[in-house]
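Topology and contacts: notes
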Amino acid sequence: MLMSITIAQLTDTHLCCHPDAKLRGSRPWHSLKAVMQQVAKINPDYLLLTGDLADRGSPFAYQQLIDLISPLQIPTYWLSGNHDCLSVMREVLVHPLFHAPKAVIIGGWQLILLDSTLANSRFGEGEISPQSLQFLAESLEVELPTLIALHHHPLPFGIDWLDQIKVKNGNELLASIDRAPQVKAVVFGHIHAAFHQKRGNIDFYGSPSTCVQLDLPQATPLEKQPGFRLFHLHSDGRHQTEIHRVLR
Ligand SMILES: [Fe+2]
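Within each chain, residues carry numbers counting from 1 in the order of the written sequence. With pLDDT at 70 or above as the cut-off, local features in this predicted model cover only qualifying residues; side-chain atom pairs require 80 or more to be listed or tallied, and sums for whole chains, interfaces and linings still use all residues. Note that water and hydrogens are dropped before the side-chain values are worked out from all heavy atoms of the structure.

Quick word on the coordination of the iron ion
Listed as protein donors to the iron ion are Asp12 (OD), His14 (NE2), Asp52 (OD) and His192 (NE2); their distances from the metal cover 2.1 to 2.3 Å. Here a donor is any nitrogen, oxygen or sulfur atom (N, O, S) within 2.8 Å of the metal, with 3.2 Å used for Na, K and Ca; water is not among the atoms considered, so some sites may look incomplete. In terms of primary sequence, the donors binding the iron ion are separated according to D-x1-H-x37-D-x139-H. Residue histidine 14 is located in the loop between β1 (4–10) and α1 (28–42), and its partner histidine 192 is located in the loop between β8 (183–188) and β9 (195–199); the two are separated by 178 residues in the primary sequence. An identical accessibility class is assigned to histidine 14 and histidine 192; each is buried. Numbered from the N terminus, helices here are DSSP runs of H or I no shorter than four residues, and strands are runs of E no shorter than two. To sort residues, take the accessible area from a 1.4 Å probe on protein chains only and compare it with the maximum for the residue type: under 20% means buried, over 50% means exposed, and anything in between is partly exposed.

Brief notes about the packing of aromatic side chains
Aromatic ring pairs are defined here through the distance separating the ring centres and the angle between the ring planes. Pairing of aromatic side chains here covers Phe, Tyr and the six-membered ring of Trp, requires ring centres within 6.5 Å, and sorts the geometry by plane angle: under 30 degrees stacked, over 60 edge-to-face, intermediate tilted. Applying the stated criterion to the full structure yields 4 aromatic pairs. Considering the side-chain rings of phenylalanine 157 and phenylalanine 195, the 5.8 Å spacing of their centres and the 35° angle between planes classify their relative orientation as tilted. Here phenylalanine 195 lies in strand β9 and phenylalanine 157 lies in the loop between β7 (146–150) and α5 (160–163), a separation of 38 residues in the sequence. Here phenylalanine 157 and phenylalanine 195 have matching classes, each one buried. Each ring, one from phenylalanine 188 and one from phenylalanine 195, has its centre 5.8 Å from the other, and the planes form 50°; the classification is tilted. Residue phenylalanine 188 shares its accessibility class with phenylalanine 195, and that shared class is buried. Ring pairing ties together the aromatic residues Phe157, Phe188 and Phe195, which thus form one cluster.

A word on the UniProt feature "domain: Calcineurin-like phosphoesterase" (unreviewed entry) in the protein
UniProt positions are given in the numbering used here, feature names are shortened, and annotations may be inferred rather than shown by experiment. UniProt marks residues 6–193 with the feature "domain: Calcineurin-like phosphoesterase" (unreviewed entry), using the numbering shown here. Within the segment residues 6–193, helix and strand shares are 30% and 19% respectively, and the terminal C-alpha atoms sit 21 Å apart.

What about the sheet that holds β1?
Any two strands with at least two DSSP bridges between them are considered paired. One open sheet accounts for 6 strands, arranged β4-β3-β2-β1-β11-β12; its pairing is mixed. If you trace the sheet from one side to the other, it starts and ends with β4 (98–99) and β12 (239–245), each paired once. The sheet contact formed by β1 and strand β2 (residues 46–50) spans 4 bridges and is parallel. Looking across to β2, one finds that isoleucine 7 is bridged to tyrosine 46. Sheet strands in contact with α1 are β1, β2, β11 (227–234) and β12, and its direction is about 20° off that of β11. Here, two residues are considered to be in contact whenever any of their heavy atoms come within 4.5 Å of each other. Note on geometry: axes are C-alpha line fits, over the in-contact stretch for helices, and angles between N-to-C directions span 0 to 180 degrees.

Things to note about the sheet that holds strand β10 (residues 202–206)
Spatial ordering of the open sheet is given by β5-β6-β7-β8-β10-β9, a layout of 6 strands whose pairing is mixed. Each having just a single partner strand, β5 (103–106) and β9 make up the two edges of the open sheet. Between one strand and the next, the sheet's axes are offset by a mean angle of 20°, whatever the strand orientation. In terms of strand pairing, β9 meets β10 through 5 bridges, oriented antiparallel. Looking at β10, one finds that histidine 196 is bridged to tyrosine 205.

Here we look at the layout of surface pockets
Picture a little ball the size of a water molecule; that probe, rolled over the atoms, points out where space is still empty. In this analysis the probe radius is 1.4 Å and the grid spacing 1 Å, with only protein atoms considered; a cavity is a set of points the probe fits into but cannot get out of, a pocket is an open set with protein on both sides within 12 Å along at least five of seven lines, and lining residues have an atom within 4 Å of a point. Grid points are joined across faces, edges and corners, and a volume is the space filled by probe spheres set on the points. Approximately 240 Å³ is the volume attributed to the largest pocket. Lining the largest pocket are 17 residues, with Arg24, Trp161, Ile165, His190 and His192 positioned closest to its centre. Each residue gets one of three labels, nonpolar for Ala, Val, Leu, Ile, Met, Phe, Trp, Tyr, Cys and Pro, charged for Asp, Glu, Lys and Arg, and polar for the others, Gly among them. Partitioning the lining of the largest pocket into residue classes produces 7 nonpolar, 7 polar and 3 charged. If you add up the space inside the second largest pocket, you get close to 150 Å³. Of the residues belonging to the lining of the second largest pocket, the class tally is 4 nonpolar, 5 polar and 1 charged.

Details of the nonpolar core
The definition of a nonpolar core used throughout is a set of buried Ala, Val, Leu, Ile, Met, Phe, Trp, Tyr and Cys residues joined through side-chain atoms within 4.5 Å. Counting residues in hydrophobic clusters, the biggest one holds 29 residues, and the most contacted among them are Leu65 and Phe98. Element by element, the count of residues in this core is highest for helix α2 (residues 59–69), at 6 residues. Among residues more than four places away in sequence, those in contact with phenylalanine 98 are Leu49, Leu65, Ile66, Ile69, Ser70, Thr76, Trp78 and Leu93. Leu133, Ile148, Ala180 and Leu216 belong to the second largest nonpolar core, which has 28 residues in total.

As structure tokens, then:
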């Protein structure tokens, strides 16, 4: 029987110590609150948080994240980004609805949460460690339709400074994925913008931040608004996805 699930990807929430804190013209707490009101109307089956959840790794920020998200009662998978502090996340994100990075099977799909953060990165660049590449290889022994989530972009976006802080060893990641025809999509945050590129049979998706967007000269007024990405995953391996924007 054909099953379908929905996953809302929320990324780069950049929560600060105080709910009224400002960040590059945005107020991340208020912006995420508005996003969550829209997510609540959709009521997806799962939430996927792809890093930079706090702007400076503050425990207060992660507690605010729980307070804003947990009332929806939706199972939530999270990844850390270059702005996060993984040890603090592991201490604070202990809510029963919040699940740390791993591989899970939901709705006939495998969701692989891949850590791309690099300790002591100089500019926020990422890397898939040998241990994470091994974890990926072992996870890809499962032959279900697969969605891989990570924080950093593994493909160039086309802006020089941004592409200097993508996954440094993206080619190793792509080589692993190329050997696994069950991989349907790769989704990431970090770029604070909507992105789609097809590479072979695999769709690569970047997604807007729930607060500040990448300053692109060609962006429409709507594309400057906070947003999130919604996935529809079907158990026969098909998927659809779309961006939702929240008007401030
Ligand atoms: Fe970010």
